[in-house]
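# Report on the structure
For reference, the chains in residue letters:
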Amino acid sequence: MLETSQRLLALLALLQTRPAWTGAELAGRLEVTTRTIRNDIDRLRELGYPVDATRGAAGHYQLGVGAKLPPLLLDDEEAVAVAIGLRAGVGVAGMAESSARALTKLEQVLPHRLQRQVNAINKAMEKGPENTGSNVEAPEIPSGVLATIAACIRDEHFLRFEYVVPDGVSLRSAGSGVASELPILVEPYRLVSWHGYWHLVARDEESVWRTYRVDWMSLRMATGRRYQPRPMTDLNYTDFVLRDVATTGWKVHARITVYAPAREVLSRIHAAVGIVESVDENTCILVTGADSLEIIAVYIGMLGLDFRVDGPPELITHLETVGNRYLKAIR
């Protein structure tokens, strides 16, 4: 049986995990009697925690709203997930200072083993620029997967995984990472978060720089083998991901003739989001992409320049539909 102080912390943690608990449920989880639970609830109230009780057949306990924020009790995976979210929030307008303060407080109370995980993630991750939203739902990535990859980056260990592209996605749009159900061995260097997707920048066994979508990776047993780091020198890791994804990593790729100088187009987009090729003083080609036709249509409209879509045909059809819809709205 847990000591009283340990039991009170465990009881508080349970009350924070869901809205309502019966006394019998709490007693069963903590392996004590319902009388002990009642006494422990009274102790929590004496310490300033507002615990509400409902009597009757549907009786239950729930953590109420108090005058101050009680300490949150997080398990290891929850603490790492919160740290990742706070680290990402540092780059969000209006949240940078508060996210940084919260992250500092969390790191101060983390056990050493979790501090190493969080520090590895902080050093391993970068965040790409946000241009617009997406109508494609971002995949859920287990925090443990990110923590494992970040630890390999920190410790300079080879990473082994399978890389399977989902059905309906062409190999060309899988990014520069080569799909394979056989284990792939790489030197991992950086995790980059961009538009809700996580990408790993790594050298493959042929010393070629590639990007891999983390949600398409299935990690295999740790190698424990160290590699001699050879960092990227010609580009930073975020720009490499953006350029790689812009040319190979989208579900939909587009080639657009823009009737404006290349320098004008580059001034209106992030240089790594698309490839801009000059045709003459007043014309250029923009090669870009997105995860849906709708998103590309938004990108093109945001340029504020005259253009012609060279492909794909599906995008031309979509723009015709959208154009007719806009015309109907103003007639």
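This text follows the structure it describes.
Residues numbered from 1 in each chain as written. Predicted model: local features only at pLDDT ≥ 70, side-chain atom pairs only at ≥ 80, totals over all residues. Heavy atoms only, no water.

## As for the layout of surface pockets
Note the following rule: Only protein atoms enter the 1 Å grid, on which a cavity is a set of points fitting a 1.4 Å probe that cannot get out and a pocket is an open set with protein on both sides within 12 Å along at least 5 of 7 lines, lining residues being those with an atom within 4 Å of a point. Grid points are joined across faces, edges and corners, and a volume is the space filled by probe spheres set on the points. Starting at the N terminus, helices and strands are each numbered in turn, a helix being any DSSP run of H or I of at least four residues and a strand any DSSP run of E of at least two.
Here the second largest pocket is characterised by a volume of approximately 290 Å³. Only helix H2 (23-30), helix H3 (34-46), strand S1 (51-54) and strand S2 (60-63) provide two or more residues apiece to the lining of the second largest pocket.

## Digging into helix H10 (residues 293-303)
As a reminder, the rule being used: Remark: exposure states derive from per-residue accessible area (1.4 Å probe, protein chains only) relative to the maximum for the residue type, with buried under 20%, exposed over 50%, and partly exposed in between. Contacts are residue-level and defined by heavy atoms, with any inter-residue pair within 4.5 Å sufficient.
Along H10, the positions that sit buried rather than exposed are Ile295, Ile296, Ala297, Tyr299, Ile300 and Leu303. Elements that come into contact with the buried residues of H10 comprise strand S9 (252-258), helix H9 (262-266), strand S11 (283-290), strand S12 (307-311) and helix H11 (313-330). Two residues or fewer after H10 comes Gly304, characterised by a positive phi angle close to 70 degrees.

## Some points on unusual backbone geometry
The omega angle of the peptide bond from Gly311 to Pro312 is 5 degrees, so this bond is cis rather than trans. In this structure, Pro312 sits in the loop between S12 and H11. At Glu156, a position not held by glycine, the phi torsion is positive, near 60 degrees. In this structure, Glu156 sits in the loop between helix H7 (143-155) and strand S4 (159-163).

## Regarding the pattern of salt bridges
Condition: Put simply, a salt bridge is a Lys or Arg side-chain nitrogen that is within 4 Å of an Asp or Glu carboxyl oxygen.
In total, this model carries 13 salt bridges according to the counting rule given. Among the salt bridges present, the one from Arg7 reaches Asp40, with a minimum N-O distance of 2.5 Å. Within this pair, whereas Arg7 is found in helix H1 (residues 4-17), its partner Asp40 is found in helix H3, the two being separated by 33 residues in sequence. The class for Arg7 is buried, based on a relative accessible area of 7%. Look at Asp40 and you get buried, because its relative accessible area is 0%. Between Arg43 and Asp40 there is a salt bridge, with the nearest N and O atoms lying 2.8 Å from each other. In this pair, Arg43 and Asp40 are both assigned in helix H3, three residues apart and thus about one turn of the helix distant. Relative accessible area serves as the criterion here: at 35%, Arg43 is assigned to the partly exposed category. Three or more residues joined by partner-sharing salt bridges are found here, namely Arg7, Asp40 and Arg43.

## Some remarks on the pairing of S2
Stated formally: Pairing between two strands requires that DSSP report at least two bridges joining them.
Across four bridges, S1 lies against S2 in antiparallel orientation. Bridge assignment links Thr54 to a residue of S2, and that residue is His60. What sits between S1 and S2 in their antiparallel hairpin is a turn of five residues, with Gly56 showing a positive phi close to 100 degrees.

## Examining the packing of aromatic side chains
Rules: For Phe, Tyr and Trp, where Trp contributes only its six-membered ring, two rings pair if their centres lie within 6.5 Å, and the inter-plane angle classes them as stacked under 30 degrees, edge-to-face over 60, or tilted in between. Note on geometry: a ring has a charge over it if NZ (lysine) or CZ (arginine) is within 6 Å of the ring centre and within 35 degrees of the ring normal.
Using the criterion set out here, one finds nine aromatic pairs in the structure. When the centroid spacing of 6.4 Å and the interplanar angle of 75 degrees are considered together, the rings of Phe161 and Tyr163 count as edge-to-face. Taking relative accessible area as the criterion, Phe161 reaches 0% and is therefore assigned buried. Between Tyr189 and Tyr227, the ring centres sit 5.5 Å apart and the planes meet at 50 degrees, which makes this aromatic pair tilted. On the criterion of sequence distance, the pair formed by Tyr189 in strand S5 (residues 180-194) and Tyr227 in the loop between strand S8 (217-219) and helix H8 (237-249) is long-range, its members being 38 residues apart. We classify Tyr189 as buried; its relative accessible area is 6%. The rings of Phe158, Tyr189, Trp209, Tyr227 and Tyr237 are connected pair by pair, giving a single aromatic cluster. In this structure, Arg18 is placed above the aromatic ring of Trp21, and the distance from its NZ or CZ to the ring centre is 3.7 Å. Over the face of the ring belonging to Phe158 we find Arg225, whose NZ or CZ atom lies 4.7 Å from the ring centre.

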